[in-house]
Amino acid sequence: MARKRKRKSRRRQEGRKILELVPQYNIESGEDKPVTAARKYIHEIGIQPPALLIVKRNEHTTDRYFWAEKGLFGAQYVEENHFLFPSLREFQPPVPSKIPAVAG
């Protein structure tokens, strides 16, 4: 029996492409929880938003966070709602304007 493929959200795919263009930092959480490790790293290094932090929890698990002007967010949320973040607008492809054709 054929398995039904999971539908991929176009909005999330677009958000993922935009996040690939943002500066990325790979860190390990160590003894801290992943979000705490990300916050400490941002504070220590002085990272300016926007940035994507990939926190390795253990050999099998990684967590992704997006550092924005508004704070730290889960990357999946940002992928789905990238249009809510002003700092990502510069990474978005330009929207073609609808200029009516002039008959000549």
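Structural data are supplied above this passage.
Quick caveat, the model's predicted, so the values are computed rather than measured.

J.: Can you tell me about the pairing of strand β4 (residues 71–74), naming the residues and giving the values?
T.: Relative to β4, strand β3 (residues 62–68) runs antiparallel, the two being bridged by 4 bridges. Opposite Trp 67, over in β4, you have Leu 72 as the bridge partner.

J.: Which residues make up the sheet that holds strand β1 (residues 24–28), and what values go with them?
T.: With mixed pairing, 4 strands are arranged side by side in an open sheet as β1-β2-β3-β4. Of all strands in the sheet, those with a lone pairing partner are β1 and β4, marking the two edges. Each strand axis lies, on average, 30° off the axis of its neighbour in the sheet, ignoring direction. Seen against the sheet, helix α1 (residues 10–20) touches β1, β2 (51–56) and β3 and runs at an angle of roughly 75° to β3. Along the sheet, helix α2 (residues 34–45) contacts β1, β2, β3 and β4; its crossing angle with β2, the most-contacted strand, is approximately 130°.

J.: Account for the packing of aromatic side chains, naming residues and giving values.
T.: Across all of its chains, the model carries 5 aromatic pairs by this definition. Here Phe 66 and Phe 85 contribute two aromatic rings whose centre-to-centre distance is 5.6 Å and whose plane-to-plane angle is 80°, an arrangement assigned as edge-to-face. With Phe 66 in strand β3 and Phe 85 in the segment after α3 (75–80), this pair connects stretches of sequence that are 19 residues apart. The exposure classification of Phe 66 matches that of Phe 85, with both residues buried. We classify Phe 85 as buried; its relative accessible area is 2%. The ring of Phe 85 has Lys 70 sitting right over it, with the charged end atom 5.5 Å from the ring centre.

Reading the values: rules and limits
- Residues numbered from 1 in each chain as written.
- Predicted model: local features only at pLDDT ≥ 70, side-chain atom pairs only at ≥ 80, totals over all residues.
- Heavy atoms only, no water.
- Pairing = 2+ DSSP bridges.
- Helix = DSSP H or I, 4+ residues; strand = E, 2+ residues; numbered from the N terminus.
- Axes fitted to C-alpha atoms, helices over the stretch in contact; angles between N-to-C directions.
- Contact = heavy atoms within 4.5 Å.
- Phe/Tyr/Trp six-rings, centres within 6.5 Å; stacked < 30°, edge-to-face > 60°.
- Buried < 20%, exposed > 50% of the residue type's maximum accessible area, 1.4 Å probe, protein only.
- Lys NZ or Arg CZ within 6 Å of the ring centre and 35° of its normal.

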